[in-house]
Amino acid sequence: MNILMLAINDPAGTAIQFCKAINRHSQHSARLVTLETRYAHCWEKDLHVPDLGVDGMEEISILMGEADIFHFHMTCDENQLFGVHLPADFMKGKEIVHHHHGHHDFRSNPCFFQEKYEKLGRANLLVSTPDLLKKLPEAHWQPNLVPINDPLLMPMWGRFDDAGPLLVCHSPTRKDLKNTTEFMAAVKNLNKRRLLLDVDMIDDVPNDECLARKRRCHVLFDHMQGYYGVSSLEGLSQGVTVIAGLDDWNRAKVAEFAGTDKLPWVPAFDQESLEATLQDLNNNRVACQLQGLRGREFMEKHWSDKQVAGHLISFYENI
């Protein structure tokens, strides 16, 4: 099959990773066309319209014509113009997939999208995290992936060789959605108690730099919103201890997908529990290191890019 992914912007660089994994682990072909970049993260691109000349526009036309599947990410659909080409003009014979990643417009008004897809007869619906199933019950959950054998996503040696400060990182795309205020308040309170705690706030930097800085850390704080982010998956792959407040719904769905209820996230649900968790990890570096190793093992056994891409490929093959 020829799969053409279409997105206004690539959400957290997930679409390009799906394309690469599909091409690496199957006989299918996947490409990605994007229109915009957000923030300064420098996600890898495939066909990025602002960078293309006339030849690039012709390639988009060819890909749209030959695609078996149009896979639209976030709020993008067939009426979104890509350069001079409109996917709606190429719809004949195509299977259509809509993939939601938690965009504000979707979270704030899921009924709009439910009604839209019902009216259009669209049944091939995906969401990126389990919590979004509550907003689009007709959808399937397609977990995000990270290429766990990429050098920047492998564990870094020697992080626990000295007795310096516990290094905790946090990489919020949007601080208002990632409990950054509570995190910094917890750090401030702990440092008042003279704990050895240092923070790397990774904010609006290229993705390669973000990953390089994360893998030097002992602990990564994702957020306490009930689910997990791509940042969690990156940290787990790197063997970094990951703190995230997964609620019971998300834990159950993750356990079902992974085939194990031994999940590697260290839970924290409010500032008080976050402070206690950070204090415990600081005071017991051996336990912190072992927790990171369990995270890496979990990714290798239950969440490799081959396994997760296989889940998406199976979805394609059954529509």
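Everything quoted here is computed from the prediction, not taken from an experiment. (Residues numbered from 1 in each chain as written. Predicted model: local features only at pLDDT ≥ 70, side-chain atom pairs only at ≥ 80, totals over all residues. Heavy atoms only, no water.)

Asks: How should I be thinking about the overall build of the chain in this particular structure?
Replies: Looking only at helices and strands, one finds eleven helices and eleven strands in the chain. On the principal axes, the C-alpha backbone points of the chain span a range of 65 × 40 × 35 Å. The burial tally for the chain puts 54% of its 319 residues in the buried class. Here the contacts in the chain between residues at least 6 apart in sequence split such that 70% fall between residues at least 24 apart. Carbon together with sulfur atoms contributes 49% to the accessible area of the chain, which is approximately 14,500 Å² in total. One finds the centroid of the 33 positive side-chain charges in the chain at a distance of 5 Å from the centroid of its 44 negative side-chain charges. (Helix = DSSP H or I, 4+ residues; strand = E, 2+ residues; numbered from the N terminus. Buried < 20%, exposed > 50% of the residue type's maximum accessible area, 1.4 Å probe, protein only. Contact = heavy atoms within 4.5 Å. Areas by Shrake-Rupley, 256 points an atom, 1.4 Å probe, with all protein chains shown as cover. Lys, Arg positive; Asp, Glu negative; His and termini not counted. Charge placed at Lys NZ, Arg CZ, Asp CG, Glu CD.)

Asks: How do you make sense of the pairing of strand β8 (residues 166–170) when you look at a structure like this?
Replies: Every other side chain in a regular strand lies on the same face of the sheet, so the side chains alternate between the two faces. Most of β8 is tucked away, with four of its five residues classed as buried. Where β8 and strand β9 (residues 197–201) come together, five bridges link them in parallel fashion. When the sheet's bridge partners are listed, Leu167 is paired in β9 with Asp198. Between the parallel pair β8 and β9, the chain is carried across by helix α5 (residues 180–192), and the sense of this crossover is right-handed. In this sheet, strand β10 (residues 219–221) lies alongside β8 in parallel orientation, the contact comprising two bridges. Note that in β10 the partner of Cys169 across the bridge is Leu220. (Pairing = 2+ DSSP bridges. Right-handed = clockwise from strand over helix to strand, strands pointing away.)

Asks: Is there a simple way to think about helix α11 (residues 305–317) in this case?
Replies: Note: α-helices contain 3.6 residues per turn, so residues at a spacing of three or four share the same orientation. The end-to-end C-alpha distance of α11, which contains 13 residues, comes to 18 Å, matching closely the 18 Å that a straight helix rising 1.5 Å per residue would cover. Buried residues of α11: Asp305, Val308, Ala309, Leu312, Ile313, Phe315 and Tyr316, and no others. The arc that holds every buried residue of α11, seen down its axis, measures 155°, which confines them to one face. (Expected span 1.5 Å × (residues − 1). Arc of directions from axis to C-beta.)

Asks: Is there a simple way to think about a nonpolar patch on the surface in this case?
Replies: The grouping of Val286, Leu290 and Leu293 at the surface amounts to a nonpolar patch, some 280 Å² of accessible area in total. Assignment of secondary structure puts Leu290 in helix α10 (residues 285–302). Given the relative accessible area of 42%, Leu290 is considered partly exposed. (Patch = residues over 30% accessible without salt bridge, like charges linked within 9 Å, V, L, I, M, F, W, Y side chains within 5 Å. Salt bridge = Lys/Arg side-chain N within 4 Å of Asp/Glu carboxyl O.)

Asks: Is there a simple way to think about the layout of surface pockets in this case?
Replies: Vacant regions in the atomic arrangement are exposed by a probe of water-molecule size rolled over the atoms. Considered as a void within the structure, the largest pocket measures approximately 1,100 Å³ in volume. Secondary-structure elements contributing two or more residues to the lining of the largest pocket are α3 (104–108), α6 (207–214) and α7 (230–237). Per-class residue counts for the lining of the largest pocket are 14 nonpolar, 17 polar and eleven charged. Taken as a whole, the second largest pocket spans an internal volume of roughly 280 Å³. Put simply, the parts of the chain that give the lining of the second largest pocket at least two residues each are α1 (14–25), α6 and α7. If you tally residues by element for the lining of the second largest pocket, the top one is α1, at four residues. The residue inventory of the lining of the second largest pocket, partitioned by class, reads eleven nonpolar, four polar and five charged. (1 Å grid on protein atoms, 1.4 Å probe; cavity = no way out; pocket = protein on both sides within 12 Å on 5 of 7 lines; lining within 4 Å. Points joined across faces, edges and corners; volume = space filled by probe spheres on them. Nonpolar A, V, L, I, M, F, W, Y, C, P; charged D, E, K, R; others polar.)

Asks: It is not clear to me how the pattern of salt bridges should be interpreted in this structure. Could you clarify?
Replies: Should their charged atoms come close, side chains of opposite charge can pair. Applying the stated criterion across every chain, the model contains 14 salt bridges. A salt bridge links Arg31 to Glu59; the nearest nitrogen and oxygen atoms lie 3.1 Å apart. Taken together, the positions of Arg31 in strand β2 (residues 29–34) and Glu59 in helix α2 (residues 54–66) put the pair 28 residues apart, joining distant regions of the chain. Overall, Arg31 belongs to the partly exposed group, its relative accessible area being 23%. For Glu59, a relative accessible area of 30% puts it in the partly exposed group. When the shortest N-O distance is used, the salt bridge between Glu300 and Arg296 registers 3.0 Å. Here the residue Glu300 and the residue Arg296 both occupy positions in helix α10, the gap between them amounting to four residues, near one helical turn. Take Arg296: its relative accessible area is 6%, and that puts it in the buried class.

Distances and angles like these do not, on their own, reveal function.
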